[in-house]
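# Notes for the structure review
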Amino acid sequence: QVQLVESGGGLVQPGGSLRLSCAASGSIFSIYDMGWYRQAPGKQRELVAAITSGGSTSYADSVKGRFTISRDNAKNTVYLQMNSLKPEDTAVFYCFQKIQKTRAGWGMDYWGKGTLVTVSS
């Protein structure tokens, strides 16, 4: 089994910062893409940021220049540093990792359960 555990969400004032973490554990042979989605109340889930196994990154236009995604392959962990947070960033953030469990297998997407980020004064 593979599990993804997120941490780092919470309440922050506008202009503040938070750092989200998502660690994978279990039967893991290799990890490909990692990233973060978010879902705000009444809205569809949207891709926030992603990072490939080679370190290439991509971001939603709404977070460019404010959020930074990174990964630590030794720890099977992806991070999302969020700066200059705005009330419209309030959402449940979900991490994903494309994980190959065995040498003979293939990559499948695994998801965390979500962590709530609330930006409010």
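Quick caveat, the model's predicted, so the values are computed rather than measured.

Scoring rules and cut-offs
Residues numbered from 1 in each chain as written. Predicted model: local features only at pLDDT ≥ 70, side-chain atom pairs only at ≥ 80, totals over all residues. Heavy atoms only, no water. Pairing = 2+ DSSP bridges. Helix = DSSP H or I, 4+ residues; strand = E, 2+ residues; numbered from the N terminus. Salt bridge = Lys/Arg side-chain N within 4 Å of Asp/Glu carboxyl O. Buried < 20%, exposed > 50% of the residue type's maximum accessible area, 1.4 Å probe, protein only. Disulfide = S-S within 2.5 Å. Core = buried A, V, L, I, M, F, W, Y, C linked by side-chain atoms within 4.5 Å. Contact = heavy atoms within 4.5 Å. Phe/Tyr/Trp six-rings, centres within 6.5 Å; stacked < 30°, edge-to-face > 60°.

On to the pairing of strand E5 (residues 46-51). Sheet analysis places strand E4 (residues 30-39) next to E5, joined by 5 bridges and oriented antiparallel. Directly across from arginine 38, in E5, lies its bridge partner glutamate 46. As judged from the 3 bridges shared by E5 and strand E6 (residues 57-59), these two strands associate in the antiparallel manner. Bridge pairing in E6 links alanine 50 to serine 58.

For the rest of this paragraph, the subject is the pattern of salt bridges. One pass over the structure, following the stated rule, counts 5 salt bridges. The partner of glutamate 46 in a salt bridge is arginine 38, with the nearest N and O atoms 2.6 Å apart. Overall, the relative accessible area of 33% leaves glutamate 46 in the partly exposed class. Measuring nitrogen to oxygen at the nearest pair gives 3.2 Å for the salt bridge that ties lysine 98 to aspartate 109. Here lysine 98 is found in strand E9 (residues 91-100), whereas its partner aspartate 109 is found in strand E10 (residues 107-111), with 11 residues between them in sequence. What makes lysine 98 partly exposed here is its relative accessible area of 29%. By relative accessible area, aspartate 109 is classed as partly exposed at 40%.

A complete count under the given rule lists 1 disulfide for this structure. At a sulfur-sulfur separation of 2.0 Å, the disulfide partner of cysteine 22 is cysteine 95. Judged by the sign of its S-S torsion, about 50°, the bond between cysteine 22 and cysteine 95 is right-handed. Here cysteine 22, found in strand E3 (residues 18-26), pairs with cysteine 95, found in strand E9; they are 73 residues apart in sequence, far enough to count as distant.

Here strand E1 (residues 2-7) runs beside E3; their pairing, made up of 6 bridges, is antiparallel. Paired with glutamate 6 across the bridge in E3 is cysteine 22. Both E3 and strand E8 (residues 77-82) contribute to a ladder of 6 bridges, which runs antiparallel. Bridging across to E8, alanine 23 finds its partner in threonine 77.

Leu4, Trp36, Val48, Phe67, Leu80, Met82 and Phe93 are the most contacted members of the largest nonpolar core, which totals 29 residues. Apart from the residues lying within four places of it in its own chain, the contact partners of leucine 4 are Cys22, Ala23, Ala24, Cys95, Phe96, Gln97, Ile99, Tyr110, Trp111 and Gly112.

Following the criterion strictly, the structure yields 3 aromatic pairs and no others. With centroids separated by 5.3 Å and ring planes inclined at 55°, the aromatic side chains of tyrosine 37 and tryptophan 111 adopt a geometry described as tilted. Of this pair, tyrosine 37 sits in strand E4 while tryptophan 111 is found in strand E10, placing the two residues 74 residues apart along the sequence. Under the relative-accessibility criterion, tyrosine 37 is labelled partly exposed at 23%.

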